[in-house]
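Survey of secondary and tertiary structure
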Amino acid sequence: MQEARRSVEFKEEMRKARKAEADRARRTISDEKAERRRAAKNGFSNPANPSRSIALTFVCALFVIYCLFPFLYLLVNSTKTQADFTSTFGLGFGKSFALWDNLVTVFTYQDGIFGRWLLNTVLYVVLGAGGATLLAIMGGYALAKFRFPGRRLCFAIIIGSISVPGIALAVPQFLLFAKVGLTNTPWSMIIPSLVSTFGLYLMWIFSDQAVPDELLEAARVDGAGEMRTFFQISLPLLAPGIVTTALFTIVATWNNYFLPLIMLKDSNWYPLTIGLNQWKDQASTAGGQAIQNLVITGSLVTIIPLVVAFLLLQKYWQSGLAAGAVKE
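Here the structure is a predicted model, which means the values were calculated and not measured. (Residues numbered from 1 in each chain as written. Predicted model: local features only at pLDDT ≥ 70, side-chain atom pairs only at ≥ 80, totals over all residues. Heavy atoms only, no water.)

1. Quick word on the overall build of the chain
Quick note on the threshold: Helix and strand definitions follow DSSP, with helices as H or I runs of at least four residues and strands as E runs of at least two, each counted in order from the N terminus. We call two residues in contact when some of their heavy atoms are within 4.5 Å. In short, Shrake-Rupley with a 1.4 Å probe defines the accessible areas, and a residue's cover is counted only from the protein chains shown.
For the chain, the helix and strand inventory stands at 16 helices and zero strands. Once local pairs closer than 6 in sequence are excluded, the contacts in the chain between residues at least 24 apart make up 70%. Of the accessible surface of the chain, which amounts to about 20800 Å², a share of 66% is contributed by carbon and sulfur atoms.

This is the structure:
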């Protein structure tokens, strides 16, 4: 009898446990639904309980297609000959796979001037974007960690400069450089690229968040000078912001079109953007030869370094963009 009673009690406890678990599961589902309704009403969500939206997924898919479509077009059409390019569907492959032949022709056409344009672009990026990154690091760090007269004025000037598009300054820069005789020289590309107001502002914000004042005070108490403190203590902490700033300045200089268009006349100093545009317009000139297949292949070669840079530095870039997003 005792054993039968214990069996009945055990079954009763199991039934109660299953009932309690079912009630807990129903409450969890109900709470999640209520939380999603609150999130939809208030405009925020819990990352631990994400809501699934078919419409949002569809919009994101359209955005991905929009971003990848030009790259897919370049990949497909860089494999075509000029005849296939004009006679086949844009997203369809041609009769022959001519990617290697196109690459060889791109670097040998017009005595290999594409290679010269590539080296020019690298020169402008290394000196211009590299210098802009260095100045942004030093200026942003100084504005964040030092107090001096005129600091608020500097802040107002930087914020105001960000709102001015670079294209609006191109003509005044051309007139200024023409007065000093620097047009049609590499300096007309390098000097304007040395200033990045957005990079300076980004490094200002990042330096203020990433480098604790207590750490700097401890280094000064130990006898470290400002230069040693900056290079040995602050600079390693600023690595994510430096990479983010460098990526922005590199992309801006690499893709710069309007400034070299008005500054440079000698094709030997053209960057890739102007050189490829010259090849594109070649067919519209008297006696010119259409070479759209070379333009497409050259464009593919042009974007590969940027894609590689973003993929390799992605983790630093993402953490740098998040700087200052959370207030402690």
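2. Focus: the side chain of Asn-293
With respect to the helices, strands and loops of the structure, Asn-293 is situated in helix α15 (residues 292-312). Residues contacting Asn-293, with those up to four places away along its chain left out, are Lys-80, Thr-81, Gln-82 and Asn-102.

3. Observations regarding the side chain of Thr-297
Our working rule: Only protein chains enter the calculation, and the probe is 1.4 Å; a residue is then buried if its accessible area is under 20% of its type maximum, exposed if over 50%, and partly exposed in between.
Among the structural elements, Thr-297 can be located in helix α15. Under the relative-accessibility criterion, Thr-297 is labelled buried at 0%. In contact with Thr-297, other than residues within four places in its own chain, are Ser-78, Asn-102, Leu-103 and Val-106.

4. What about the packing of aromatic side chains?
What counts here: The pairing test for Phe, Tyr and Trp rings, Trp by its six-membered ring, is centres within 6.5 Å, and the orientation test on the planes gives stacked under 30 degrees, edge-to-face over 60, and tilted for anything in between.
The full count for this structure, using the stated rule, is eight aromatic pairs. Each ring, one from Phe-114 and one from Trp-279, has its centre 6.1 Å from the other, and the planes form 25 degrees; the classification is stacked. With Phe-114 in helix α5 (residues 113-145) and Trp-279 in helix α14 (residues 272-280), this pair connects stretches of sequence that are 165 residues apart. Take Phe-114: its relative accessible area is 0%, and that puts it in the buried class. Using a relative accessible area of 1% as the deciding quantity, one classes Trp-279 as buried.

5. Notes on helix α9 (residues 197-210)
Under the convention used in this document: In a helix, the anticipated span is given by 1.5 Å times the number of residues less one.
Over its 14 residues, α9 runs 20 Å from end to end, which matches the ideal 20 Å to within 8%, given 1.5 Å per residue. Along α9, the residues that are buried comprise Gly-199, Leu-200, Leu-202, Met-203, Trp-204, Phe-206 and Ser-207.

6. A closer look at unusual backbone geometry
Residues other than glycine seldom take positive phi values, yet Asp-111 does so here, at roughly 60 degrees. With respect to the helices, strands and loops of the structure, Asp-111 is situated in the loop between α4 (99-108) and α5. Under the relative-accessibility criterion, Asp-111 is labelled exposed at 81%. A positive phi angle, close to 60 degrees, is found at Asn-184, a residue other than glycine.

7. A look at the pattern of salt bridges
Note the threshold: We count a salt bridge whenever a side-chain nitrogen from Lys or Arg sits within 4 Å of a carboxyl oxygen from Asp or Glu.
This structure, assessed with the given rule, holds six salt bridges. In this structure, Glu-21 and Arg-24 form a salt bridge, with 2.4 Å as the shortest nitrogen-oxygen distance. Of this pair, Glu-21 and Arg-24 both sit in helix α1 (residues 2-42), separated by three residues, roughly a single helical turn. Among the ionic pairs, Asp-281 bridges to Lys-280, the shortest N-O distance being 2.9 Å.

8. A few points about the packing of α5 against α9
Condition: Interaxial angles span 0 to 180 degrees and are taken between N-to-C directions of axes, which are lines fitted to C-alpha atoms, for helices over the stretch in contact. To sort the angles, those under 35 degrees are grouped as roughly parallel, those over 145 as roughly antiparallel, those from 65 to 115 as roughly perpendicular, and the leftovers as oblique. Crossing chirality is assigned from the near helix's rotation relative to the far helix, an anticlockwise turn below a right angle marking it left-handed and a clockwise turn marking it right-handed.
One can describe the packing of α5 onto α9 by two numbers: an axis separation of 7 Å at closest approach and a directional angle of 45 degrees. Overall, the two elements α5 and α9 adopt an arrangement that is oblique. Judged by the sense of rotation from one axis to the other, the crossing of α5 with α9 is right-handed. In contact with Leu-135, Ala-136, Ile-137, Gly-139, Gly-140, Tyr-141, Leu-143, Ala-144 and Lys-145 of α5, α9 contributes Gly-199, Leu-200, Met-203, Trp-204, Ser-207 and Asp-208.

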